[in-house]
Amino acid sequence: MCDNHFYSGTSLLSRFLPFLRIFCLISLPLCVAEHANLPRNMIENSMFEEEPDVVDLAKDSTAFPTFPALDPDEVAYEPRSSRLLVRGLGENDMDEDEEDCESSARLLGMSFMNRSSAHRSSSSPYARQAPPRSCSRPSARTMVVCVLFLVIVASMTMVLYFLPGCTFTKAGCRKPNKTTPIQPVYPNSTNGELFPWAELRLPYSIHPISYDLTLNPDLDDTTFTGQTVINMTVLHNTNRIVLHGANLNITKATFKLDDGEAKEVTVLEYKPRQQLAVKFSEDLKAGQYCVLTLDYSANLSHTYDGFYNSSYTDKDGNKRVLAATQFEPLYARKAFPCFDEPSFKATFLIKINRKQGYMTLSNMPKAKSTPLPNGLVQDEFEKTSVKMSTYLVAFIVSNFTPISRNISNTLVSVYSVPEKKEHTDYALDTASKLLEFYNSFFEIEYPLKKLDLVAIPDFLAGAMENWGLITFRETTLLVGKESSQLEKQVVASVIAHELAHQWFGNLVTMRWWNDLWLNEGFATYMQYMSLQTVLPQLDTVSPHICLIYFPLHIFKMVKVVCFSMCSCSTVIHVCLQGNLFLSVRFRAMDKDALNSSHAVSTEVNTSEQVEEMFDSVSYEKGASILLMLNTSLPGDQQFRKGIIEYLKQFSGANTDTNDLWNSLTEVEVSTHHQNVSEMMNSWTSQKGFPLVTVSRNGDEVNFTQEHFLLTSENATHSSSLWNIPVTYVNDSCSLAPECRQVFNLKTKSGTLKIPESVKWLKLNYRNTGFYIVHYGNEGWTALIDALSKNVSVLTHEDRASLVHNIFALSRFGRVSFQQVLNLLNYIPGETESAPVTEALLQLNRIYRLLDKRQESGLVARMKSYILSHFGSLMKSQTWGEEKSVSKQELRSALLGMACSLKEENCTQQAKLLFKQYVDSNGTSRIPGDLQHVVFSVAAQSDEGWTTLLNMHAHATYDAEKRKMLQALASTEDTRRLVWVLKTSLKGDIIQTQELPLVISTVCNGFAGYLFAWDFIQENWDRLIEKFPVGSFAIQTIIKSATSQFSTQAHLNQVCFFFF
């Protein structure tokens, strides 16, 4: 599945929440992660943006050069709402010597899943709440009381747990018993009878073979009825069948064993785990065949999961209704009773009864349509030719229209609402090319007869890889004829990701959600690799045509864009990377550096934890370590041959991480045998990544590794070690792939011999490794000196990685901010987009944080610094159409920063473009990569905001409409911000699916971030009704708000609300 974009993990804390609540009441500060090593939280804490250390900036203000005197208005700039936000909390002004804290995101290690409305204030939705009592360091007396309390609780628990011979049952422990096994405590079902199962995961005694589904949706009443016939085999003797069902009213149930007669049975339900069960007086025997038939009724879901209703307004202003599905990860059970776990694969025969005038789609081609006596039409689809996990089942009832093309014996179609059919051509072309590529690359043909890509007007995720019926947001599938290359890049990336899932995830599926990365990490990796081959014009790389002969007949000969120093022998693991993937790896490291992160493969024991796995660790980190593995394997084709072996060996089956490593190890393409599992287990079984520190003494270079973990003290207490393939180049040879050398660092430290004539080393060649490097003062000085003399002495990926690493080390406390600025002195001579955009992103974080803290002096100095160092690059940008993706990316970042800093030339040009656009009724086009900048400037005026709102209401092209919405949410008018927030939640004018984007945009501005936080608190119950707890949407909402905080008072507020 592709999340927007993309993409927290297991919250062990939730298991001990009652104890922690008591503990927080005794000593509230101890609920803060800087005082307690808490596990990763329920939401995407790993997605919280880390802010640079403001204290360091304030203390190190001499790092800024002396600037000319600033205009007083510039220094005193203050949004109209700032009078409400003085020092962040109104009347509770902070003393000058009050302890500064880093972003709450770094400090928080808490679970949000159990927040109840009882904890919330009943005051006005947008009035700031009085902060709780300060969370300063507790007194010695309080600490003693807390420690004693915890010791007593722990002691009681241990005594009870280790009582010899105690059998824990519902009746308690009455007497020692050394022979009777422990009996589980069964919960009560809805009818009061004991439910015969007490675990989250289903028993494996029964396995489904096939499903026969008949569905009768009523789109007018938003209800549906259904019948599910499940054919099963008994694997082990059992007296129960346990499966899933959620919000289904079972009206009739029959059971048939082997050739016997069908008999009615009672279905028990345990709602907390969404489980159904049938109990039997006698055991079902292993090897028997049985059939369970369930009739039921339900409401169409009003959220974005299960079988949900949706609507859109057509070109004539008429409301059109439809129904669609989103079953991943745990929502097939809301549409039909099933064994809703990835390992319970089966075949499906689906029938849907519909009104005339509608059409239906499902995973397989339609077999026939039959008129029914009640005037409906029954569409029956072919039985699936492959076994599928339930989360991949899909069906749609709508009036969409397609365009189609036959590719390699597969009918590829793109569906949309009728009035947007003209926007589907690009998606069809892209999907066709990618399908051919994957068929050849994996040496396994796509197994189904058809492949549908469907744009759904109201869809929460970015896309969903349902086998044969991939569903998308309109913004991730539809592209206008005049769309920019950057917009096409987004669409192509999502299509590439979802098509890769047809092999990784659908054909071979992870056994359980703890190994979700096997699906998502691979799909993310393949999306970048495939685009560099199939659509090289979309990636941001230095153009140099290189004819590549792909082995095993992927193509007889393919022209691809390679880096200027790329040799034709380095086919995949060097040439097939771009700036897009580079930036993704940087952001993945930022998130994985937090204490709230988790291992790539980690324990998952609750439904909330399943949702949380859809994060940057499973997606981007998973892809990043696959890139590192590919580049470190000795043979050019070992990685590809290994994954082909993996796909063929486990086709139609379920796997875990070790299965992948074994497949890659067994494929030997060189005399150098490498145990992949030995190397990669350190990257998948523990959270985080290493910091490699380099020190040199003559011809001896020493490498040491430690866990790069951002905590409040920036102190590393972890004993984690990684098997690191450290790559490096030096001043004598630093660009071509042949210059790359490798040192395997498996222990805490290692030593390397180099010629004394070597002036400098650059580690992590082209940033293909998932680690950060600290070169020490001498090493950084040498690299900075080399760049100041010749920007091109390093590849642009290496230059970008230096920028990213030094900012990370500044947050980590290993380098001063002066060293950061010393490195950035080379930037005015930079011409590539990756280093510039990375530097701008990092500086913008600091600027926004200082602005929200109202550090007006530092804000003014930072603004002056940015404009002085990047001003020449900003002024050199054009405002017309630009075909180069790299140049579009560069100017979008530069002009976006310039206009956000209210640089006059930028804002005037943006206003002019907007006026021309409005006066021409849209015929005077704004380049797609500049629309966000232009619309955001326009939205700062009353007239511009009103005009944009009207344009948003009538816009038909979704990517443009979304940029208008972001601009509307960027206003500094707080009344309008409140309106946008409320309207997005209501969902009439602004679709609720866009609420995470709206909140994220509002939080970025000075005027809105506290309003957004109040909005979240007051509407928490409604938010978790709309979006599942743990989902990416909830992760984004919480991250967007809390990542803007940097004071102890704000941290106290967050801790108080969620605990």
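How each quantity is defined
Residues numbered from 1 in each chain as written. Predicted model: local features only at pLDDT ≥ 70, side-chain atom pairs only at ≥ 80, totals over all residues. Heavy atoms only, no water. Salt bridge = Lys/Arg side-chain N within 4 Å of Asp/Glu carboxyl O. Helix = DSSP H or I, 4+ residues; strand = E, 2+ residues; numbered from the N terminus. Buried < 20%, exposed > 50% of the residue type's maximum accessible area, 1.4 Å probe, protein only. Lys, Arg positive; Asp, Glu negative; His and termini not counted. Polar contact = N/O pair within 3.5 Å; in protein donor to acceptor, adjacent residues only side chain to side chain. Contact = heavy atoms within 4.5 Å. Pairing = 2+ DSSP bridges. pLDDT = per-residue confidence, 0-100. Axes fitted to C-alpha atoms, helices over the stretch in contact; angles between N-to-C directions. Core = buried A, V, L, I, M, F, W, Y, C linked by side-chain atoms within 4.5 Å. Disulfide = S-S within 2.5 Å. 1 Å grid on protein atoms, 1.4 Å probe; cavity = no way out; pocket = protein on both sides within 12 Å on 5 of 7 lines; lining within 4 Å. Points joined across faces, edges and corners; volume = space filled by probe spheres on them. Nonpolar A, V, L, I, M, F, W, Y, C, P; charged D, E, K, R; others polar. Domains from an automatic or database assignment. Parallel < 35°, antiparallel > 145°, perpendicular 65-115°, else oblique. Left-handed = near helix turned anticlockwise from the far one by under 90°.

1. Observations regarding the pattern of salt bridges
- All told, the structure shown has 41 salt bridges when counted by the stated rule.
- The residue Glu972 makes a salt bridge to Lys902 at a minimum N-O spacing of 3.5 Å. In this pair, Glu972 sits in the loop between α24 (958–968) and α25 (974–986) while Lys902 sits in the loop between α20 (885–900) and α21 (904–919), placing the two residues 70 residues apart along the sequence.
- On the basis of relative accessibility, which here comes to 44%, the residue Lys902 falls in the partly exposed class.
- The partner of Asp973 in a salt bridge is Arg976, with the nearest N and O atoms 4.0 Å apart. Per residue, the accessibility class of Asp973 equals that of Arg976, and both read buried.
- Each of Arg587, Asp590, Arg811, Glu838 and Arg845 takes part in salt bridges that share partners, so that together they form one network.

2. A short note on the side chain of Lys852
- Here Lys852 shows up in helix α18 (residues 833–852).
- Among buried Asp, Glu, Lys and Arg side chains, Lys852 stands out as unpaired, with Asp851 the closest opposite charge at 6.1 Å.
- In terms of polar contacts, Lys852 uses its side chain to reach the backbone carbonyl oxygen of Asn1004, at 3.0 Å.
- The contact partners of Lys852, leaving out residues within four places of it in the chain, are Cys1003, Asn1004, Gly1005, Phe1006, Tyr1009 and Gln1044.

3. As for the pairing of strand β25 (residues 690–697)
- Bridge analysis of β25 against strand β26 (residues 700–707) gives 8 bridges, and the strand direction is antiparallel. When the sheet's bridge partners are listed, Ser695 is paired in β26 with Asn702.
- Counted along the chain from β25 to the antiparallel partner β26, the turn is 2 residues long, and its residue Gly698 has a positive phi close to 65 degrees.
- Strand direction decides the pairing type here: β25 and strand β31 (residues 772–774), joined by 3 bridges, are parallel. Pairing of Val692 across the sheet is with Val773, part of β31.

4. Considering the confidence of the model for the protein
- Overall, the predicted model of the protein reaches an average pLDDT of 83, with 78% of residues at or above 70.
- Scored below 50 in pLDDT, residues 160–176 shows 21 contacts in the model against residues more than four places distant or in partner chains.
- Counted against residues more than four places away or in other chains, residues 540–577, with its pLDDT under 50, gives 109 contacts.

5. Considering the sheet that holds strand β18 (residues 450–456)
- One open sheet accounts for 5 strands, arranged β16-β17-β18-β20-β19; its pairing is mixed. The sheet is open, and its two edges are formed by β16 (401–407) and β19 (463–464), each paired on a single side.
- Against the sheet, helix α6 (residues 425–442) touches β16, β17 (410–416) and β18, its axis set at about 25 degrees to β16.
- Sitting on the sheet, helix α7 (residues 485–501) is in contact with β18, β19 and β20 (469–473), with an inclination near 150 degrees to β20.

6. Concerning the nonpolar core
- If you look at the biggest cluster of nonpolar residues, it comprises 285 residues, and the most contacted ones within it are Phe336 and Phe870.
- Residue contacts for Phe336: discarding those within four places in its chain leaves Tyr211, Leu213, Thr228, His244, Leu248, Tyr296, Phe327, Phe348 and Val393.

7. Thoughts on the state of the cysteines
- For the structure on display, the rule yields 2 disulfides.
- Paired by a disulfide, Cys733 and Cys739 hold their sulfur atoms 1.7 Å apart. Disulfide Cys733-Cys739: the torsion about the S-S bond is -65 degrees, which places it as left-handed.
- Assessed through its relative accessible area of 7%, Cys739 is described here as buried.
- Each sulfur of the disulfide joining Cys899 and Cys906 lies 1.9 Å from the other. Measuring handedness by torsion sign, the sulfur bridge of Cys899 and Cys906 sits at about -95 degrees and is left-handed.
- When its relative accessible area of 3% is taken as the criterion, Cys906 is described as buried.

8. What to know about the pairing of strand β8 (residues 289–299)
- The pairing of strand β2 (residues 223–234) with β8 spans 11 bridges and is antiparallel. Counterpart to Asn231 in the pairing with β8 is Val291.
- Pairing between strand β4 (residues 249–257) and β8: 8 bridges, direction antiparallel. Note that in β8 the partner of Lys252 across the bridge is Asp295.

9. A closer look at the layout of surface pockets
- Estimates place the volume of the second largest pocket at around 1200 Å³.
- Ser311, Tyr312, Thr313, Lys961 and Gln991 are the residues nearest the centre of the second largest pocket, which is lined by 44 residues in total.
- Along the lines of polarity and charge, the residues of the lining of the second largest pocket split into 13 nonpolar, 16 polar and 15 charged.
- Residues from two domains meet in the lining of the second largest pocket; each of domain 1 (190–399) and domain 2 (401–484) gives at least three.

10. Observations concerning helix α22 (residues 931–938)
- Across the 8 residues that make up α22, a large majority, 7, are buried.
- Along α22, the positions that sit buried rather than exposed are Gln931, Val933, Val934, Phe935, Ser936, Val937 and Ala938.
- As for α22, its buried residues are in contact with α7, α20, α21, α23 (942–954) and α24.

11. Focus on the packing of helix α9 (residues 579–592) against helix α16 (residues 796–812)
- At their nearest, the axes of α9 and α16 sit 11 Å apart, and the two run at 15 degrees to each other. On the basis of their axis angle, the class for α9 and α16 is roughly parallel. For the pair α9 and α16, the sense of crossing is right-handed. On the side of α9, the interface is formed by Asn579, Leu582, Phe586, Arg587, Met589 and Asp590, while α16 contributes His796, Glu797, Ala800, Ser801, His804 and Arg811.
- In the contact of α9 with α16, the residues fall into 4 nonpolar, 4 polar and 4 charged.

12. Considering unusual backbone geometry
- Each neighbour pair has its own omega, and for Glu328 with Pro329 the value is 0 degrees, a cis peptide bond.
- Even without being glycine, Asn767 reaches a positive phi, approximately 55 degrees.
- Within the element layout of this structure, Asn767 appears in the loop between β30 (761–763) and β31.

13. Section: the side chain of Gln1044
- Looking at the secondary structure, you find Gln1044 in the loop between α29 (1032–1042) and α30 (1048–1058).
- Residue classification places Gln1044 among the buried positions, given a relative accessible area of 11%.
- Within the structure, Gln1044 has its side chain in polar contact with the side chain of Ser1043 (distance 3.5 Å).
- Among residues more than four places away in sequence, those in contact with Gln1044 are Leu849, Lys852, Cys1003, Asn1004 and Tyr1009.

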